[in-house]
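Per-entry structural report
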Amino acid sequence: MELQQMRYVLAVASTGNFTRAAKQCLVVQSALSHQIAALERELGVRLFARTSRRVALTPAGEAFLPAARACLEAADRAAADAAATTGEIRGRLAIGMIPTVTGIDLPAALREFHLRHPQVRIVLRGAGSDEMVESIRAGDLDVAVLGLPESARPQGVRYRALHHDRHVAVLARTHRLAARRRLDLAALAGEPFADFPADTAGRAQSDLAFAAAGLTREVAFEAMATDLILGLIRQGLAVALLPSRFVTGAPGVVTVPLTDGPARVEYLAWSDFNPTPAATAFLETAAAGSTHRPVGDG
């Protein structure tokens, strides 16, 4: 059994097609098909059910995938660790980010990192903070930018605080409250809101503030995409509470400070167990470009 054969199996499983898998692996289809067939003969089982129209994993193929994926990841990590002893950083760097990053200039940090370590393959993913913490623990993400209520801390990961910010009310320019110099949550409680999905850390920041004020509100629109949230506000369909630095200068909306609004802290988080050379190098790059608070443990 060879690593390349495992890569071919994973490619076919992800694309559902031998032709697309061969193109993804930069090999002719006949060679890929031959190697998978050889692996199936060695294992004594069929990994794929094939027809003229579709390809699907067999139960044996489903059982084969997790260990094959782990084996390839271990091989890639071994190669990256060996290369790091000579000062060469390579491998894969998976970075997660909330939709409202302001505590770090991520594109600038990635540019600097890529110039220093061009052989690292970078994967960027957007998600909620709680989901990304779990992904770091599981090894699916190396680093993530989180946003949490100021009363919370990342758990089970290493982290560095990046920035503390307060939320502001975000309104359409034509909204009846748009000319106010300051608002409280009571003035907004009757408005339809656009916010992040329930049970996300981004949503919890506003939910906690309304609960602390003894108020309820209607969240009429839920979305993870901030451009969609801002678009709903511009159309006069909703209002929102968002971090002040994120919405500063946003076109077509008005921001109003809040007397009792929520606050959030952005964190840079990473695995507390054996981070990859690429993750360590990225953390060094990020630290060199900005001033952070001391590292804390979750």
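Data block above holds the structure.
Described below are features of the structure shown in this document. (Residues numbered from 1 in each chain as written. Predicted model: local features only at pLDDT ≥ 70, side-chain atom pairs only at ≥ 80, totals over all residues. Heavy atoms only, no water.)

1. Digging into the pairing of strand S6 (residues 158-172)
- When you tally the buried positions in S6, you get 12 out of 15 residues, the bulk of the element.
- When S6 meets strand S9 (residues 240-243), the two strands line up antiparallel, connected through four bridges. Paired with valine 170 across the bridge in S9 is alanine 240.
- With five bridges connecting them, S6 and strand S10 (residues 253-257) associate as antiparallel partners. Bridging across to S10, leucine 171 finds its partner in valine 254. (Buried < 20%, exposed > 50% of the residue type's maximum accessible area, 1.4 Å probe, protein only. Helix = DSSP H or I, 4+ residues; strand = E, 2+ residues; numbered from the N terminus. Pairing = 2+ DSSP bridges.)

2. Regarding the layout of surface pockets
- Its boundaries defined by the atoms lining it, the largest pocket holds a volume of some 1,200 Å³.
- If you trace the largest pocket, you find 34 residues lining it, with Leu72, Glu73, Asp76, Arg92 and Arg121 closest to the centre.
- Looking at the lining of the largest pocket, the elements that each hand over two or more residues are helix H1 (3-15), helix H4 (59-84), strand S3 (91-97), strand S4 (120-126), helix H6 (129-138) and helix H11 (277-288).
- Here the lining of the largest pocket is built from residues that sort into 15 nonpolar, seven polar and 12 charged. (1 Å grid on protein atoms, 1.4 Å probe; cavity = no way out; pocket = protein on both sides within 12 Å on 5 of 7 lines; lining within 4 Å. Points joined across faces, edges and corners; volume = space filled by probe spheres on them. Nonpolar A, V, L, I, M, F, W, Y, C, P; charged D, E, K, R; others polar.)

3. Quick notes on helix H9 (residues 226-234)
- Among the residues making up H9, those that are buried are Thr226, Ile229, Leu230, Leu232 and Ile233. Viewed along the axis of H9, the buried residues span an arc of 155°, placing them on a single side of the element.
- Where H9 is buried, its residues touch S6, strand S7 (192-195), strand S8 (218-222), S9, helix H10 (244-247) and S10.
- Looking one or two places after H9, you find glycine 236, whose phi comes out positive at around 75°. (Arc of directions from axis to C-beta. Contact = heavy atoms within 4.5 Å.)

4. Considerations on H6
- Those residues of H6 lying buried are Ser129, Met132, Val133, Ser135 and Ile136. The buried residues of H6 occupy one face: seen down the axis, they fall within an arc of 160°. Away from the buried face of H6 by more than 90 degrees, exposed residues Glu131 and Ala138 are located.
- Taken together, the buried residues of H6 touch S3, S4, strand S5 (143-149), helix H8 (201-212) and strand S11 (263-270).
- Within two residues after H6, glycine 139 carries a phi angle of roughly 85°, on the positive side.

5. Considerations on empty space enclosed by the protein
- Evaluated as defined, the whole model comprises one cavity of 30 Å³ or more.
- For the largest cavity, the calculated volume is near 130 Å³.
- Around the largest cavity, the lining comprises 17 residues; the ones closest to its centre are Ile98, Pro99, Thr100, Phe196 and Gly202.
- Breaking the lining of the largest cavity down by element, the ones donating at least two residues are H8 and S9.
- At three residues, the largest contribution of residues to the lining of the largest cavity is made by H8.
- For the lining of the largest cavity, a count of residues per class yields eight nonpolar, eight polar and one charged.

6. Description of the state of the cysteines
- Applying the stated criterion across every chain yields a total of zero disulfides.
- The thiol of cysteine 25 is unpaired, and the distance to the nearest cysteine sulfur, on cysteine 71, comes to 16 Å. (Disulfide = S-S within 2.5 Å.)

7. Here's the deal with the pattern of salt bridges
- Scanning the entire structure with this criterion turns up 10 salt bridges.
- Note that glutamate 134 and arginine 137 form a salt bridge whose closest N and O atoms lie 2.6 Å from each other. In this pair, glutamate 134 and arginine 137 both sit in helix H6, three residues apart, roughly one turn of the helix.
- Assessed through its relative accessible area of 44%, glutamate 134 is described here as partly exposed.
- Here arginine 137 falls in the partly exposed class, since its relative accessible area comes to 44%.
- One salt bridge in this structure joins glutamate 222 and arginine 203, with 3.0 Å as the shortest N-O distance. Linking glutamate 222 in strand S8 with arginine 203 in helix H8, this pair joins segments that are 19 residues apart in sequence.
- Glutamate 222 sits in the partly exposed class, given a relative accessible area of 46%.
- Here the salt bridges do not stand alone but share partners, grouping Asp195, Arg203, Asp207, Arg217 and Glu222 into one network. (Salt bridge = Lys/Arg side-chain N within 4 Å of Asp/Glu carboxyl O.)

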